[in-house]
Amino acid sequence: MANDNKPKNNDSVGRTFLVVFVLCLVCSIVVAGSAVGLKAQQQEQKLLDKQRNILDVAGLLKPAMTAAEINEIYRSRIQPELLDLESATLKKSSGHFDLNNALRSDETSMALPPEQDLAKIRRRANMAEIYLVKDDSGKTTELVLPIYGSGLWSMMYAFISIDVDGVTSHGISYYSQGETPGLGGEVENPQWRKQWIGKKLYNPQGVPALKVVRGSAGDNPYGVDGLSGATLTSNGVQHMFDFWLGDNGFGPFLKKVREGALKDG
């Protein structure tokens, strides 16, 4: 006679799936809770990193500065502005401009036809957040512009600091890129970055003239050494400047700067 009281198998497929489901649910709750709880801290860290890179390219970052010191120098010396790239006019920035959000909408960005998309970015936002660098008296001494473009493996993002003459570079800082370490990744090398100090971005006729050259640029006021063994990344840097210094980038605004738009503060 069959034994109807035989214990059920606790390792049944149904019970196994139930345990897996419960574990996944608990893990999802923990991960979601952590993400929400850390969101404010992540946003603060992102803002601090942005401030650090802007101060760096502006020559205001000192070794071992604390987060509080970075924030204080940024607030006292950096004035964010929103630039309308079509009209080349400035307006006060709220500090909440999000490039990625702007690029998602046809109302806040424009698609670039291939013949204009020199930097291979596909779309360009209608506005750009730029940064005026002030001295102790409140006078604008330079401006920091955000530029980006495609390299060999990644989209490369940088800040370029430009004198109020609208021509002379004060420095460059690549803060996000995924190029090959030791090759294209050398865009972050301090020695390579030093070359940009004092270089001329436009010729006397106002035409973009900065060139990333193969080999050594020597004393060429418009030339920067290419990255050894990283021709395609070097080309990407060149194309970034061809675009952002041109008519579809910061060109019209920098023309106003060269005419003295920022020299009175």
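Given the structure is predicted, the values throughout are model-derived calculations rather than measurements.

How each quantity is defined
Residues numbered from 1 in each chain as written. Predicted model: local features only at pLDDT ≥ 70, side-chain atom pairs only at ≥ 80, totals over all residues. Heavy atoms only, no water. Pairing = 2+ DSSP bridges. Helix = DSSP H or I, 4+ residues; strand = E, 2+ residues; numbered from the N terminus. Axes fitted to C-alpha atoms, helices over the stretch in contact; angles between N-to-C directions. Contact = heavy atoms within 4.5 Å. Core = buried A, V, L, I, M, F, W, Y, C linked by side-chain atoms within 4.5 Å. Buried < 20%, exposed > 50% of the residue type's maximum accessible area, 1.4 Å probe, protein only.

Trainee: What is the right way to look at the pairing of strand 1 (residues 78-84) in this model?
Mentor: Successive side chains on a regular strand alternate, one facing one side of the sheet and the next facing the other. Bridge count for strand 1 against strand 5 (residues 127-134) is seven bridges, and the pairing is antiparallel. Bridged to Gln79 within strand 5 is Leu132. As paired elements, strand 1 and strand 2 (residues 89-92) share four bridges and run antiparallel to each other. Each bridged residue has a counterpart across the sheet, and for Glu81 the counterpart in strand 2 is Lys92. In sequence, strand 1 turns back onto strand 2 through a hairpin of four residues, with Ala88 there showing a positive phi of about 60°.

Trainee: How should the sheet that holds strand 1 be read in this particular structure?
Mentor: By definition, the strands of a sheet pair up through backbone hydrogen bonds, in either a parallel or an antiparallel sense. Strand order in the open sheet formed by six strands is 2-1-5-6-7-8, and the pairing between neighbours is antiparallel. Sheet topology places strand 2 and strand 8 (169-176) at the edges, where each strand pairs with a single neighbour. Mean inter-strand twist for the sheet, computed between neighbouring axes without regard to direction, equals 30°. Inspection of the sheet shows strand 5 paired to strand 6 (residues 140-150) by four bridges, in the antiparallel sense. The residue bridging Lys134 from the neighbouring strand is Thr140, located in strand 6. Across the sheet, helix 2 (residues 67-77) is in contact with strand 1 and strand 5; its angle to strand 1 comes to roughly 55°. Running at roughly 160° to strand 6, helix 6 (residues 251-258) makes contact with strand 1, strand 2, strand 5, strand 6 and strand 7 (155-163) of the sheet.

Trainee: Whenever I open this one, the nonpolar core confuses me. Can you help?
Mentor: The tendency in soluble globular proteins is for nonpolar side chains to be buried as a group. With 41 residues, the main nonpolar core has Leu143, Tyr174, Trp196, Val237, Phe241, Phe250 and Leu254 as its most contacted residues. Sorting the residues of this core by element identifies strand 5, strand 6, strand 7, strand 8, helix 5 (231-244) and helix 6 as the ones contributing at least two each. For this core, the element with the most residues is helix 5, which contributes five residues. Every residue in contact with Val237, bar those within four places of it in the chain, is listed here: Met156, Tyr174, Val187, Trp192, Trp196 and Val212. Core analysis: the second largest hydrophobic core is formed by 14 residues, Ala58, Tyr74, Ile78 and Val133 among them.

Interpretation note: all reported values are geometric properties and have no functional meaning in isolation.
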